[in-house]
Amino acid sequence: MTTTKTIRPRRSALYMPCANARALEKARILDADCLLLDLEDAVAPDAKDLARDQLVAALDEGGYGARERVVRVNALSTPWGRMILPRSIIYRKMPVPMRCWRRKFPPRRKLTR
């Protein structure tokens, strides 16, 4: 059995900090092939919760058209990485392989910062 993969060329990819609501709004009209919605380095530690909530609201609202959307999260070895998957709607919108991976590596019961 052979499988074929479709190559999707991207001319531009734009990093958008999720802590900046104005940037998330502006991303809807910018001419980019891929939007990298950043919850990691572009967001200060004290703004992680706000950024996650703004990202969930922005994805629910939509308006990004056919652009590819990628969510960049912290490493799962960090408190913020462990919180992102179980606590947000982003997890429900991820493809099946990520959900399967999530079952293999469940979050810790008590988060320490």
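Just so it is clear, the structure is predicted and the values come from calculations on it, not from any experiment.

On to the environment of Glu40, then. Assignment of secondary structure puts Glu40 in the loop between β2 (34-38) and α2 (48-61). Using a relative accessible area of 18% as the deciding quantity, one classes Glu40 as buried. Glu40 sits 31 residues away from Val71 along the chain, and the two C-alpha atoms are 9.3 Å apart. Residues contacting Glu40, with those up to four places away along its chain left out, are Lys48, Arg72, Val73 and Asn74.

Moving on: the sheet that holds strand β3 (residues 68-72). Taken together, three strands build an open sheet; the order of strands is β1-β2-β3 and the sheet is parallel. Only two strands of the sheet have a single neighbouring strand rather than two, namely β1 (13-17) and β3. Neighbour to neighbour, the strand axes of the sheet diverge by 25° on average, direction disregarded. Relative to β3, β2 is paired through five bridges, and the arrangement is parallel. Note that in β3 the partner of Leu37 across the bridge is Val71.

Moving on, we come to the confidence of the model for the chain. Looking at the chain as a whole, the pLDDT averages 76, with 71% of positions reaching at least 70. Within the chain, helix α5 (residues 96-104) has the poorest average pLDDT of any element, 44, and helix α1 (residues 21-26) the best, 94. Every residue in residues 94-105 scores below 50 in pLDDT, and together they form twelve contacts with partners more than four places removed in sequence or on other chains.

By the criterion of burial, β2 is predominantly enclosed, with five of the five residues buried. Side-chain alternation along β2 places Cys34, Leu36 and Asp38 on one buried face and Leu35 and Leu37 on a second face that is also buried. Pairing analysis gives five bridges linking β1 to β2, with the strands arranged parallel. Bridge pairing in β2 links Ala13 to Cys34. Note that the unit made of β1, α1 and β2 has a crossover that is right-handed. Taking the sense of rotation as the criterion, the β-α-β connection linking β2, α2 and β3 turns out right-handed.

Thresholds applied
- Once a new chain begins, its residue numbering starts again from 1 and follows that chain's sequence as written.
- The model is predicted, so local features are restricted to residues of pLDDT at least 70 and side-chain atom pairs to those at 80 or more, both for listing and for counting; the totals for chains, interfaces and linings are taken over all residues.
- Excluded from the side-chain calculation are hydrogens and water; included are all heavy atoms of the structure.
- Under the scheme used here, helices are H or I runs from DSSP no shorter than 4 residues and strands are E runs no shorter than 2 residues, and both carry numbers assigned from the N terminus.
- Categorising residues by exposure relies on relative accessible area from a 1.4 Å probe, with only protein chains included: less than 20% of the type maximum marks a residue as buried, more than 50% marks it as exposed, and the intermediate range marks it as partly exposed.
- Throughout, a residue-residue contact means that at least one pair of heavy atoms, one from each residue, lies within 4.5 Å.
- A pair of strands is labelled paired if DSSP reports no fewer than 2 bridges between them.
- Between N-to-C directions, angles cover 0 to 180 degrees, with each direction set by a line fitted to C-alpha atoms, over the stretch in contact for helices.
- The predictor rates its confidence in each residue with pLDDT, a number between 0 and 100.
- By definition, the crossover connecting two strands over a helix is right-handed if that path, from the first strand to the second, turns clockwise as seen with the strands pointing away from the viewer.

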